[in-house]
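This is what each chain is made of:
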Amino acid sequence: FLKDERVAADVERFNKKIVAAKYIESLMVGRVSVSVSEIAKYYETNKTQFKRQDDEALVLMFEEQDKNGAIKIKSVLDRNGFESERVSEIIQKNEPKRVFFKRSSLKTGLADRVFKTKSSSFIIQKDRGFVVFYVISLFKKGTLKDLVDVNDGIQSRILAIKKLKLKEQIVDSLSMIYGTY
């Protein structure tokens, strides 16, 4: 099978492409970065991309709690402001997940509790114990996401664009020196 000239030529061509791609990748290392001002400029220029497509809720989830632990967490959250020292202690001790929920991605019952709750917290029972939900903020469909919430995505986009441009420049310059890549 490997003695077939066409297969051997294809293997050789693939090997050259892999080596060339790795070489180009090595030339790119450390040459691309994104500044805070570039991220801010991208955000300002493309704000319409960052409008919410659905109602969203920012929620802290305290998972895998026993019943008494869940009740204690809920009690502290309900009786103290989010910025209070007691709430801060509960958060540090239990390390909850910070989650954005979209209304359409939740089952109706849970969506009603998250988006229509009079209290900012509630408890549900799951297979692995109790989960305390603490609703920090609600956001209506069509509102603009904060830069802090989209920063990582913007940085990734700009980095990908810059890497692609740099790769094209490197390939062009190598092609001028060594011929077609």
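So, a few notes on the structure that sits alongside this text. Computed from a predicted structure; not experimentally measured.

### A short note on unusual backbone geometry
(1) Moving on: Although it is not a glycine, Glu64 adopts a positive phi angle of roughly 50°.
(2) Moving on: Along the chain, Glu64 turns up in strand β1 (residues 56–65).
(3) Moving on: Notably, Glu95 is not glycine yet its phi reads approximately 45°, a positive angle.
(4) Moving on: Classification of Glu95 as exposed rests on a relative accessible area of 67%.

### A look at the packing of helix α3 (residues 67–79) against helix α4 (residues 85–94)
The relative placement of two packed helices comes down to the angle between their axes together with the axis-to-axis distance.
(1) Moving on: Where α3 meets α4, the axes come as close as 9 Å, and the angle between the chain directions of the two elements is 145°. Here the hand of the crossing between α3 and α4 comes out left-handed. Residue-level inspection shows Ile73, Val76 and Leu77 of α3 in contact with α4, the latter providing Arg86, Val87, Ile90 and Asn94.
(2) Moving on: Residue composition of the contact of α3 with α4, grouped by class: five nonpolar, one polar and one charged.

### Things to note about the sheet that holds strand β4 (residues 129–139)
What holds strands together in a sheet is hydrogen bonding between their backbones, with the strands either parallel or antiparallel.
(1) Moving on: If you walk across this open sheet you meet the four strands as β2-β1-β4-β3, and the pairing is antiparallel. If you trace the sheet from one side to the other, it starts and ends with β2 (97–102) and β3 (121–126), each paired once. Within this sheet the neighbouring strands show an average axis-to-axis angle of 35°, counted without direction.
(2) Moving on: By the bridge criterion, eight bridges tie β1 to β4 in an arrangement that is antiparallel. Note that in β4 the partner of Gln65 across the bridge is Phe130.

### Describing the packing of helix α1 (residues 5–28) against helix α6 (residues 147–178)
(1) Moving on: Axis separation between α1 and α6 bottoms out at 10 Å; the angle between their running directions is 120°. Taken together, the axis directions place α1 and α6 in an arrangement best described as oblique. Crossing hand, α1 versus α6: right-handed. In this structure, α1 uses Tyr23, Ile24, Leu27 and Met28 to contact α6, whose residues at the interface are Lys163, Leu166, Lys167, Ile170, Val171 and Leu174.
(2) Moving on: Here the residues of the contact of α1 with α6 sort into eight nonpolar, no polar and two charged.

### Some thoughts on a positive patch on the surface
(1) Moving on: A cluster of basic residues, Lys72, Arg79, Arg86 and Lys93, forms a positive patch on the protein surface.
(2) Moving on: Relative to the helices and strands, Arg79 resides in helix α3.

Here is what the cut-offs are and how they apply
Residues numbered from 1 in each chain as written. Predicted model: local features only at pLDDT ≥ 70, side-chain atom pairs only at ≥ 80, totals over all residues. Heavy atoms only, no water. Helix = DSSP H or I, 4+ residues; strand = E, 2+ residues; numbered from the N terminus. Buried < 20%, exposed > 50% of the residue type's maximum accessible area, 1.4 Å probe, protein only. Axes fitted to C-alpha atoms, helices over the stretch in contact; angles between N-to-C directions. Left-handed = near helix turned anticlockwise from the far one by under 90°. Contact = heavy atoms within 4.5 Å. Nonpolar A, V, L, I, M, F, W, Y, C, P; charged D, E, K, R; others polar. Pairing = 2+ DSSP bridges. Parallel < 35°, antiparallel > 145°, perpendicular 65-115°, else oblique. Patch = residues over 30% accessible without salt bridge, like charges linked within 9 Å, V, L, I, M, F, W, Y side chains within 5 Å. Areas by Shrake-Rupley, 256 points an atom, 1.4 Å probe, with all protein chains shown as cover. Salt bridge = Lys/Arg side-chain N within 4 Å of Asp/Glu carboxyl O. Lys, Arg positive; Asp, Glu negative; His and termini not counted. Charge placed at Lys NZ, Arg CZ, Asp CG, Glu CD.

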